[in-house]
Amino acid sequence: MDDQQAPELTFEHEPGERAPITPKERMTILRQLMPEQDADTRATNFEEVNLGLTQRLAMIEAERCLQCKNPVCITGCPVQVNIPRFIDLLARGDMRGAADSLLDDNALPCVTGRVCPQESQCEAVCLRGKKGDAVAIGYLERFVADWANRHRDGASVAPASSGKSVAVIGSGPAGLTAAGELAKRGHAVTVFEAFHAAGGVLIYGIPEFRLPKDIVKDEIERLEALGVRIEPNAIIGKTYTLDELREQFDAMFIAVGAGLPVFMDVPGENLKGVYSANEYLTRVNLMGAYRPDSDTPVLHGQRVAVVGGGNVAMDAVRTARRLGASEAIIVYRRSDQELPARREEVHHAQQEGIRFELQVAPVEVVGDDGWVTGMRCVRMDLGEPDESGRRRPVPVPGSEFTIDCDMVVVAIGTRSNPVLTTSAAGLKLNQWGYIEVDGAGMTSLPGVFAGGDIVRGAATVILAMGDGKRAAAAIDAYVAGALPEATPPTEPVTAP
Amino acid sequence: MHPIVGKTQLSPNVTRLEVEAPRIAQIRLAGQFVIVRAAEGSERIPLTIADANPEHGTITLIIQSVGKTTEDLVALDVGASIRDIAGPLGSATELIEQGRAVCVGGGVGTAVILPIAQGLHRAGVEVTSIIGGRSREWVILEEELSACGELIVCTDDGSYGRPGFVTQALADVIAQADVDAVYAVGPVPMMRAVAEMTRPAAIPTVVSLNPIMVDGTGMCGGCRVSVGGKTMYACVDGPEFDAHAVDFAELADRLSTYRDFEQRALERSHCAVDAAKTPQSTGTA
């Protein structure tokens, strides 16, 4: 799609009407391209890569939507955004209508419009994608959400109080979504956050160049305007126990994320210059260590190897590049086909000169005088598919080689953080330490719901938001005394 | 916001702050710490809770100025506020309940030893505290520790108390009497020396580690230390560990990660202060 030229199209519109063109003509409109910062320029700054569609490009793109009778895109969305509805309103030029429609379905559209893996969700099932390119739903969502953000007057009126109170533990995507949905229903919501600032992975993890922090702050301010109270520096399991909160609130939603970084368990991993992606990104994003006058330090590696192939790995490697690495390398044990990151991130990384060492696995971090000097690796063959359906990597005998590097970032996943879960008696966990929930999202403790990574293991922002939205509906029913008997677990929508 | 209600200079570079933090004052246990962020934009740093007054809703933080972040913190006066305090974090000290314990404190580590000595004393354990400093003016918390039992003060230059290092005094104490546990907190070389001294007699020895940390809840992994060949997170698995199992060489090495950065930050900060102090040229000089 990148080779296509956006055609010069203008439609003569009657106000409030869609363009008077036939479906056949509609089918000839090519997918619009996202304007972006030039790759060489952006590899040296932290400003957002994607610049957003212009009004004209958005209106043209909106005309590509066929307004299907059976809109499969909605079922492809973990929070069931009514996609054709907001696109139709956009195409008719009704920005306020489009914004209200979108915000009604999605508490954080500025975020999801930027970080969702649309190509494996809504856009994957879009009919236009069967022959050509899917409607750029993510671009349009971002366009409408950003408009809504700039035109906030009159929106977000705090609703009448229900008299019920709900504690939300964790202010990441699951927690914020649940908080928003619950506040809209008039419940008094308090969000407890362990860090000094709210946003969870949206502020400590995802870098500025992909999701500007001002946007996250705006989204949180919108929730506060709805009456959501945020208490920072509150670690549940330490500052307060779960039992104390259960006494104070009518219900609660646990969305603390997965949290603990997984290391590779190879020799040399405690050398200076080896970071978990969590630490590296937190220093840079939350603590602002990318700014030269920052009080928080971060190492500026010249040759940086990032182990992993997901979005977090892409964020880390592109961050290292922006902090001056002459060589920034992704080290991933499977092939390009299996890279779990959003395609756009992989593509952007390639444009920014990131080197990909694929089918390669680290065996040792080597060092001198306490500092990393390289990473010894082995090449991998891909064998038969494993339980995950992906081909299992098998080391190639005698293929060992060393990548020279002065910094290593480990981005191979996270595991459950036990600070909260082990301090709550009666909270049922699975064998990996994640919280077990029923189909309504309720844990083994009545009135205590859970969602996001602490239930699923590391997943995506939008899946966490889906959990938050579903749990909010269930909590709403629970505090009204109307939650039906525990529903059997539904098959969660899983990321590819 | 956490207003500062008391401030005392304990030694040339150690300051005691009493800070409002009612919830933490109420529930903290000996050995626990907080993560502190002095102001918007400041670094997050871990500090042991040296003492607490649940009635007044205050906690005591004892801070050694070693870099820009700690200097910014101790520059705050009574009436000013600390932006963020999160906690109490880490596990509580496992205190023995009877017998005889030796508490060894070096430098600002003495502040970490204080709540341990107090806890042991309350439990009825016979406590000997050994603290040290370069010279008399560097000795801190003498009065508070005297209240917990026997106190041996050492100074490197012999200007006060017993001349020499705390480890030499410890050697004498364990040679003279049966000791059931040793708690040691201070610079890494001191803790390592204590560990080596108690190892032959297999005296259970606990050290409190203060590695580099960001969140304090297990999420960054920056505070990892090797204990008995296993990687542990000081923030959630500690901060206290069996001294005989800790890889002190690795700990010391990891603590030096940002030495260059810290030096530069300090110089920048001092330059800025100097520039502010220098009178503006009026053109008449």
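About the cut-offs
Once a new chain begins, its residue numbering starts again from 1 and follows that chain's sequence as written. Each chain is given a letter, starting from A, and each ligand a number, starting from 1, according to the order in which they appear as written. For this predicted model, a pLDDT threshold of at least 70 governs which residues receive local features, and a threshold of 80 or more governs which side-chain atom pairs are given and counted, while totals over whole chains, interfaces and linings are taken from all residues. Think of the side-chain values as coming from all heavy atoms in the structure, minus any hydrogens and water. Pairing between two strands requires that DSSP report at least two bridges joining them. Here a helix means four or more residues in a row that DSSP labels H or I, a strand means two or more in a row labelled E, and each is numbered from the N terminus. Any residue under 20% of the maximum accessible area for its type is buried, any over 50% is exposed, and the rest in between are partly exposed; the area is computed with a 1.4 Å probe on protein chains only. Note on contacts: a residue pair qualifies if any of its non-hydrogen atoms lie within 4.5 Å across the two residues. A fitted line through C-alpha atoms represents every axis, and for helices the fit uses only the stretch in contact; the resulting angles, taken between N-to-C directions, go from 0 to 180 degrees. For salt bridges, the criterion is a side-chain nitrogen of Lys or Arg within 4 Å of an Asp or Glu carboxyl oxygen. By definition, the buried area sums, over both parts, the 1.4 Å-probe accessible area that each loses when the two are put together. Throughout this description, a polar contact denotes any pair of N or O atoms lying within 3.5 Å of each other; where both atoms belong to protein, one of them has to be capable of donating a hydrogen while the other can accept it, and for residues adjacent in sequence the pair is counted only when both atoms sit in side chains. Gly counts as polar in this scheme, as do all residues outside two lists: the nonpolar Ala, Val, Leu, Ile, Met, Phe, Trp, Tyr, Cys and Pro, and the charged Asp, Glu, Lys and Arg. Residue-level confidence of the predictor, termed pLDDT, takes values from 0 up to 100. Two rings from Phe, Tyr or Trp (for Trp, the six-membered ring) form a pair when their centres are within 6.5 Å of each other. A pair whose planes differ by under 30 degrees is stacked, one over 60 is edge-to-face, and the rest are tilted. Working rule: Lys NZ or Arg CZ, within 6 Å of ring centre, within 35 degrees of ring normal, means a charge sits over the ring.

J.: Before we go on, may I ask you to explain the pairing of strand β1 (residues 2-11) of chain B in this structure?
T.: Within a regular beta strand, the side chains point alternately toward one face of the sheet and then the other, so they alternate between its two faces. Residue and element names in this part refer to chain B. Bridge count between β1 and strand β6 (residues 81-82): 2 bridges; the pairing is antiparallel. What sits directly across from His2, in β6, is Ile82. Note: β1 against strand β2 (residues 14-20), 6 bridges, orientation antiparallel. Following the sheet pairing, Ile4 is matched in β2 by Val19. In this antiparallel pair of consecutive strands, β1 and β2, the connection spans 2 residues.

J.: Would you mind going over helix α14 (residues 277-286) of chain A with me for this structure?
T.: One turn of an α-helix holds 3.6 residues; hence residues three or four places apart share an orientation. All names here are of chain A. Counting buried residues along α14, 10 of its 10 residues qualify, which places the element largely inside the surrounding structure. Turning to α14, its buried residues are Ala277, Asn278, Glu279, Tyr280, Leu281, Thr282, Arg283, Val284, Asn285 and Leu286. Its buried side turned inward, α14 meets α11 (201-204), β5 (259-261), β6 (274-276), α15 (311-322), β14 (407-410) and β15 (414-416). Positive phi appears at Gly288, one or two residues downstream of α14, with a value of about 70°.

J.: Quick question: what am I supposed to make of the sheet that holds strand β9 (residues 126-133) of chain B here?
T.: The pairing of strands in a sheet happens through backbone hydrogen bonds and is either parallel or antiparallel. Residue and element names in this part refer to chain B. One open sheet accounts for 7 strands, arranged β11-β10-β9-β8-β12-β13-β16; its pairing is mixed. The open sheet has two free edges, formed respectively by β11 (162-163) and β16 (240-242), since each of these has just one partner strand. Strands β8 (100-106), β9, β10 (150-155), β11 and β12 (181-185) of the sheet are contacted by helix α5 (residues 166-176), whose axis makes an angle of about 155° with β9.

J.: Whenever I open this one, the pairing of strand β13 (residues 401-404) of chain A confuses me. Can you help?
T.: All names here are of chain A. Residues Phe401 and Ile403 line the buried face of β13, whereas the alternating positions Thr402 and Asp404 sit on a face that is not buried. In this sheet, β13 lies alongside strand β11 (residues 371-385) in antiparallel orientation, the contact comprising 4 bridges. In the strand pairing of β13, Met375 is matched with Ile403.

J.: Any chance you could explain the pattern of salt bridges here in plain terms?
T.: Where charged atoms from two side chains of opposite charge approach closely, those side chains can pair. All names here are of chain A. Tallying each qualifying case throughout the model produces 54 salt bridges over all chains. Among the salt bridges present, the one from Arg42 reaches Glu36, with a minimum N-O distance of 3.6 Å. The residue Glu181 makes a salt bridge to Arg185 at a minimum N-O spacing of 3.4 Å. For Arg185, a relative accessible area of 33% gives the class partly exposed.

J.: Sorry, what's going on with the interface of chain B and chain A here?
T.: Bring the parts together and some accessible area is lost; that lost area is often taken as the interface size. With 41 residues of chain B at the contact, the number on the chain A side is 40 residues. Taken together, both faces of the contact between chain B and chain A bury some 3300 Å²; the carbon and sulfur share is 52%. Counting across the interface, chain B meets chain A through 3 salt bridges. Lys68(B) is the partner of Asp295(A) in a salt bridge, and the nearest nitrogen-oxygen pair spans 3.1 Å. Summed over the shared surface of chain B and chain A, the number is 23 residue pairs in polar contact (both at pLDDT 80 or more). When residues in the side of chain B that touches chain A are grouped by element, the largest group, 6 residues, is from strand β7 (residues 84-89) of chain B. Taken together, the residues of the side of chain B that touches chain A sort by class into 13 nonpolar, 15 polar and 13 charged.

J.: I tried to follow the confidence of the model for chain B on my own but got confused; where do I start?
T.: Interpretation of the predicted coordinates at a detailed level should be avoided for regions scoring low in pLDDT. Residue and element names in this part refer to chain B. Scored by pLDDT, chain B has a mean of 91; 95% of the residues are at 70 or more. When mean pLDDT is compared element by element in chain B, helix α1 (residues 22-27) scores highest at 97, while helix α9 (residues 259-277) scores lowest at 74. Counting interchain partners and residues more than four positions distant, the pLDDT-below-50 stretch residues 279-285 has 0 contacts.

J.: Mind showing me how you'd approach the sheet that holds strand β9 (residues 355-358) of chain A here?
T.: Residue and element names in this part refer to chain A. On the basis of which strands lie adjacent, the open sheet formed by 5 strands has the order β6-β14-β7-β8-β9 and parallel pairing. Every other strand in the sheet has two partners, leaving β6 and β9 as the edge strands with one partner each. On average, each strand axis in the sheet is tilted by 20° relative to the strand beside it, whichever way the strands run. Note that β6 and β14 share 3 bridges and pair parallel. Bridged to Tyr275 within β14 is Val409. In this fold α15 packs onto β7 (303-307), β8 (327-332), β9 and β14, with an angle of close to 165° to the strand it touches most, β8.

J.: Honestly, the packing of aromatic side chains in this entry has me stumped. Any pointers?
T.: Given two aromatic rings, one states the distance between the centres and the angle between the planes to describe the pair. Residue and element names in this part refer to chain A. All chains considered together, the criterion is met by 7 aromatic pairs over all chains. With 4.5 Å between their ring centres and 25° between their planes, Phe46 and Tyr290 make a pair best called stacked. With Phe46 in the loop between α2 (39-42) and α3 (55-62) and Tyr290 in the loop between α14 and β7, this pair connects stretches of sequence that are 244 residues apart. Since its relative accessible area comes to 10%, Phe46 is described here as buried. Ring pairing ties together the aromatic residues Phe46, Phe209 and Tyr290, which thus form one cluster. Of note, Arg31 hangs over the ring of Tyr139, and the distance from its end group to the ring centre comes to 5.1 Å. The ring of Phe401 is capped by Arg379, whose NZ or CZ atom sits 4.1 Å from the centre of that ring.

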